[in-house]
Amino acid sequence: MKTQTLLNYAQDRWYEAPGGLAEVESAVSGETIALTGSEGLDFEGMLRHARRVGGPALRRLTFHERAWMLKDLANAIMARKEELYELSYQTGATRTDGWIDIEGGAGTLFSFSSKGRRELPNGRVLIDGAMEPLSKGGSFVGQHVYTPLQGVAVHINAFNFPVWGMLEKLGPTLLAGVPAIVKPASATGYLTEAAFRIMIEAGVLPPGALQLIMGGVGDLFDHLTLQDVVSFTGSAQTAMKLQSHPVIARESVRFIAERDSLNASILGPDAAPGTPEFDLFIKEVAREMTVKAGQKCTAIRRAMAPAQHLDAVQAALTERLGQARIGDPREEGVTMGALASRAQLTGVRAAVAELAKSARIVSGDPDVSPVAGNGAFMAPILLRTDDPWGTDAVHDIEAFGPVSTIMPYRDLDDAIALANRGMGSLALSLFTFDKAVAEEFVLGAGAYHGRMLILDRTSARESTGHGSPLPVLVHGGPGRAGGGEEMGGVRGVAHYMQRTALQGSPAVLSSIVKQWLPGAPKVEGEVHPFRKRISELEIGYTLKTASRTVTLEDIEHFAHFTGDTFYAHMDDEAAKASPIFEGRVAHGYLILSFAAGLFVDPAPGPVLANTGLENLRFQTPLYPGDAMRVELSVKTKSIRDEEKGEVRWAVYVYNQKDEAVATYDLLTMNRP
């Protein structure tokens, strides 16, 4: 393979460092395949360009426009994925490993795109929670909102997932409307640079939205501000060095870290040999040791089992690990490739040597390469300690490779304490078919672990496994795991936004958030709102219906027709005995049905379908002889595509005394 000089991407131009280049080796052959460096970059200029050009361009887009942009980027990656697979082999990754990295990365962008279009407004301000009344008369209210930070997201990524690691950070960042500067690890940066190039060539990003540093960060940190975010994945040592930078402290720069993690997997006390849960435990521990050659921040480093089953666990794991075929990841049948570099191999061997001082190796030899040549290959290494409380190293040292330690526990309390002894992890898995065990474990260990998988025979078939971060779930953990969170759907987007408490009149706040708020003006017109397309509807446009009197005959007919003969509708004495009612009352669903009859315009038109209702509350009983009327107001609207969009209507049902009987949000699918 020809040696390639990797390029930086700064201020919308590709830039080759004139000197200070470092050699990057193939994990498989040990040959130099790339040169990388960032000498001569204007780091302050990159930050300035992102803030002045990229940020404003992204903030001009709505959440939905940014979401479509993410989908286009994901499609671009998928269209050229085979180019990335070819480079991925050089990192030591098998096709399966590469699938997690490349297609998993694109899938993360697809997920954030979908979340953005389904869960975020087609606007630029994100509402957080309900409006807060702040005055008796309702003219002064509060509303929490999120707006994009006006700085830069600096993404410092690890070597193990050069594509996914970049994309899982970019998804929420770009969706939030914040530009990013990506700094990949040098060992596998050639794969990151290739994926980054594909995104730039897709032509969907506004100028200044993305930049790339293929070497050291120079004086970048000296120029950070309170509007910037640093998102880091890597070792605890490097994280602490970066987080202690004086500018980080002085400017209160947000710092999101995902770092060392001594993740645990626990065989439940009920999961004896021969049970499905025992077999699942063995399979999962072995898989986490061999997938990506164990170079996963979520990999199982500590495997715990009841003391009486530890020998069986050792025997079963040793047998399964022996089935791993190690070699060049391009070769058919190879199930485990190489570590990312020879430097990484040296580091893992050193960590195993430390672990072996207090735990014995029961499978594998760390000092003998299973593959001839200069590649960074290592067999899976299984260690065992029978005294986990007297062996600190197994809870403190992470060998970032195909390495795990098995250990016994006495009872469930002991297992919980051992799991928590890791002082914070990204992922924990528990294999049990006993619901009481699962509940006790979550209550005892939940505070120490970012994600917990409870796996049994019923969920195993569809489970994504112990070590798979998912875009809809938070990825992070407390303590030594870094204390941060990434992804988690919309939760991850909020990391790159500022929450602000707005105060003012409902009219002013409604105009800012592009949503009708209670107390804001309502606009009436001669045209029924169901006759208007989304683009013709204005926020607050309202239909006020005529009244309808609800009779006792209506209530009884509805009861017999639906089968809902609950006593409050049919038995006057029983209803009066209730502390809530004064007598027989109308059904809640009768009120909803009559409300629809009052406001629906039946002729075909822009409204395509009723897709649901949310936040339903029955507030005042409706008695026989009472009249009801409806006020239907446009609360929010969102065009999804050329054929349809969603309108959210605020529905208020009042009685003849103008008391609110019921309130809810009605969702309809409309023509744009």
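Attention in this report is confined to the structure presented alongside it. (Residues numbered from 1 in each chain as written. Predicted model: local features only at pLDDT ≥ 70, side-chain atom pairs only at ≥ 80, totals over all residues. Heavy atoms only, no water.)

1. Digging into the overall build of the protein
Item 1. Within the protein one finds 20 helices and 29 strands.
Item 2. In terms of principal-axis extent, the alpha carbons of the protein reach across some 90 × 60 × 45 Å.
Item 3. The 672 residues of the protein split such that 56% are buried.
Item 4. Residue pairs at least 24 apart in sequence account for 73% of intrachain contacts in the protein once pairs closer than 6 positions are excluded.
Item 5. Put simply, the protein shows about 27700 Å² of open surface, and 51% of that area lies on carbon and sulfur atoms.
Item 6. Side chains of the protein give 65 positive and 79 negative charges; the mean places of these two sets differ by 4 Å. (Helix = DSSP H or I, 4+ residues; strand = E, 2+ residues; numbered from the N terminus. Buried < 20%, exposed > 50% of the residue type's maximum accessible area, 1.4 Å probe, protein only. Contact = heavy atoms within 4.5 Å. Areas by Shrake-Rupley, 256 points an atom, 1.4 Å probe, with all protein chains shown as cover. Lys, Arg positive; Asp, Glu negative; His and termini not counted. Charge placed at Lys NZ, Arg CZ, Asp CG, Glu CD.)

2. Structural notes on the pattern of salt bridges
Item 1. Tallied over the full model, the rule gives 35 salt bridges.
Item 2. Put simply, glutamate 251 and arginine 250 hold a salt bridge, and the shortest N to O gap is 3.2 Å.
Item 3. Residue classification places glutamate 251 among the partly exposed residues on the basis of a relative accessible area of 23%.
Item 4. Between aspartate 311 and arginine 384 there is a salt bridge, and its shortest N-O distance comes to 2.7 Å. Here arginine 384 lies in strand β16 (residues 381-384) and aspartate 311 lies in helix α10 (residues 310-321), a separation of 73 residues in the sequence.
Item 5. Judged by relative accessible area, aspartate 311 falls into the exposed class, the value being 53%. (Salt bridge = Lys/Arg side-chain N within 4 Å of Asp/Glu carboxyl O.)

3. Details of the sheet that holds strand β19 (residues 452-455)
The strands making up a sheet are joined through hydrogen bonds of the backbone, oriented either antiparallel or parallel.
Item 1. Taken in spatial order, the 7 strands of this open sheet run β15-β16-β17-β14-β13-β18-β19, and their pairing is mixed. Every other strand in the sheet has two partners, leaving β15 (360-363) and β19 as the edge strands with one partner each. Adjacent strand axes in the sheet meet at a mean angle of 25° when their direction is disregarded.
Item 2. Strand direction decides the pairing type here: strand β18 (residues 428-431) and β19, joined by 4 bridges, are parallel. For leucine 430, the partnering residue across the bridge sits in β19 and is isoleucine 454.
Item 3. Set on the sheet, helix α11 (residues 342-355) makes contact with β15, β16 and β17 (403-409); between it and β17 the angle comes to about 25°.
Item 4. Strands β13 (264-267), β18 and β19 of the sheet are contacted by helix α14 (residues 435-445), whose axis makes an angle of about 170° with β19. (Pairing = 2+ DSSP bridges. Axes fitted to C-alpha atoms, helices over the stretch in contact; angles between N-to-C directions.)

4. Remarks on the pairing of strand β12 (residues 254-258)
Item 1. Burial analysis of β12 places 4 of its 5 residues in the buried class, the great majority of the element.
Item 2. Inspection of the sheet shows strand β11 (residues 229-233) paired to β12 by 5 bridges, in the parallel sense. Looking at β12, one finds that serine 231 is bridged to isoleucine 256.

5. Structural notes on the packing of helix α2 (residues 63-79) against helix α4 (residues 95-119)
Item 1. Interaxial distance between α2 and α4 falls to 8 Å at its minimum, and their mutual angle equals 160°. Taken as axis vectors, α2 and α4 run roughly antiparallel relative to one another. Between α2 and α4 the crossing geometry is left-handed. Packed against α2, whose contacting residues are His64, Ala67, Trp68, Leu70, Lys71, Leu73, Ala74, Asn75, Ile77 and Met78, the element α4 presents Ile102, Glu103, Ala106, Leu109, Phe110, Phe112, Ser113, Gly116 and Arg117 at the interface. (Parallel < 35°, antiparallel > 145°, perpendicular 65-115°, else oblique. Left-handed = near helix turned anticlockwise from the far one by under 90°.)

6. Describing the sheet that holds strand β22 (residues 497-504)
Item 1. Taken together, the 3 strands give an open sheet; going across it, the order is β6-β7-β22, and neighbouring strands pair in antiparallel fashion. In the strand order of this sheet, the two ends are held by β6 (126-133) and β22, each with one partner. Pairs of neighbouring strands in the sheet enclose a mean axial angle of 20°, with direction left out of account.

7. As for α10
Item 1. Between its first and last C-alpha, α10 extends 16 Å over 12 residues, near the 16 Å set by a 1.5 Å rise per residue.
Item 2. Among the residues of α10, Leu310, Val313, Gln314, Ala316, Leu317 and Leu321 are the ones counted as buried.
Item 3. Buried positions along α10 lie against β13, α9 (276-290), β14 (302-306), β15, β16 and β17. (Expected span 1.5 Å × (residues − 1).)

8. Some details on the side chain of serine 363
Item 1. When you line up the elements, serine 363 lands in strand β15.
Item 2. The residues touching serine 363, leaving out its near neighbours within four places in the chain, are Thr318, Pro380, Ile381 and Leu382.

9. Regarding the environment of glycine 54
Item 1. Inspection of the secondary structure puts glycine 54 in helix α1 (residues 43-60).
Item 2. Exposure remark for glycine 54: the relative accessible area of 0% places this residue in the buried category.
Item 3. Separated by 596 residues in the primary sequence, glycine 54 and alanine 650 have C-alpha atoms spaced 37 Å apart.
Item 4. In this structure glycine 54 touches His49, Pro179, Pro207, Gly208 and Ala209, once residues within four positions along its chain are discounted.

10. Some points on unusual backbone geometry
Item 1. With a phi close to 60°, methionine 423 is a non-glycine residue in the positive phi region.
Item 2. Structurally, methionine 423 can be placed in the loop between α13 (412-420) and β18.
Item 3. In this structure, aspartate 658 is a non-glycine residue whose phi angle is positive, near 65°.
Item 4. Within the secondary structure, aspartate 658 is located in the loop between β28 (645-655) and β29 (660-670).
Item 5. On the basis of relative accessible area, aspartate 658 is assigned to the exposed category, the value being 52%.

11. Some thoughts on a negative patch on the surface
Item 1. Together, Asp42, Glu44, Asp219 and Asp222 make up a negatively charged patch on the protein surface.
Item 2. Its place among the elements puts aspartate 219 in the loop between β10 (210-212) and β11.
Item 3. On the accessibility criterion, aspartate 219 (32% relative accessible area) is partly exposed. (Patch = residues over 30% accessible without salt bridge, like charges linked within 9 Å, V, L, I, M, F, W, Y side chains within 5 Å.)

12. Overview of the packing of aromatic side chains
In this description, a pair of aromatic rings is defined by centroid distance and the angle of the planes.
Item 1. Across all of its chains, the model carries 11 aromatic pairs by this definition.
Item 2. Taken together, a centroid distance of 5.8 Å and an interplanar angle of 80° make the contact between phenylalanine 159 and phenylalanine 400 edge-to-face. Of the two residues, phenylalanine 159 sits in the loop between β8 (153-156) and α5 (164-176) while phenylalanine 400 sits in the loop between α12 (393-396) and β17, which places them 241 residues apart along the sequence.
Item 3. Residue class for phenylalanine 159 comes out buried when judged on its relative accessible area of 18%.
Item 4. Since its relative accessible area comes to 18%, phenylalanine 400 is described here as buried.
Item 5. Residues phenylalanine 281 and phenylalanine 431 carry aromatic rings whose centres are separated by 5.5 Å and whose planes lie at 80° to one another, so their mutual orientation is edge-to-face. Residue phenylalanine 281 is located in helix α9, and its partner phenylalanine 431 is located in strand β18; the two are separated by 150 residues in the primary sequence.
Item 6. The exposure class of phenylalanine 281 is buried, given its relative accessible area of 0%.
Item 7. Exposure remark for phenylalanine 431: the relative accessible area of 0% places this residue in the buried category.
Item 8. Linked through ring pairs, Tyr9, Trp14 and Phe196 together constitute an aromatic cluster.
Item 9. Positioned above the aromatic ring of tryptophan 68 is the side chain of arginine 117, whose terminal nitrogen or guanidinium carbon lies 4.2 Å from the ring centre.
Item 10. Over the aromatic face of tyrosine 541 sits the side chain of lysine 532, whose NZ or CZ is 4.1 Å from the ring centroid. (Phe/Tyr/Trp six-rings, centres within 6.5 Å; stacked < 30°, edge-to-face > 60°. Lys NZ or Arg CZ within 6 Å of the ring centre and 35° of its normal.)

13. Overview of the nonpolar core
Item 1. Formed by 57 residues in total, the largest nonpolar core has its most connected members in Ile77, Leu170, Leu174 and Met199.
Item 2. By residue number, the principal contributor to this core is α2, which donates 8 residues.
Item 3. When sequence neighbours within four positions are dropped, the list of residues in contact with methionine 199 reads Leu73, Ile77, Met166, Leu167, Leu170, Leu205 and Leu210.
Item 4. Of all hydrophobic cores here, the second largest spans 40 residues; its members include Ile326, Val352, Phe377 and Ala393. (Core = buried A, V, L, I, M, F, W, Y, C linked by side-chain atoms within 4.5 Å.)

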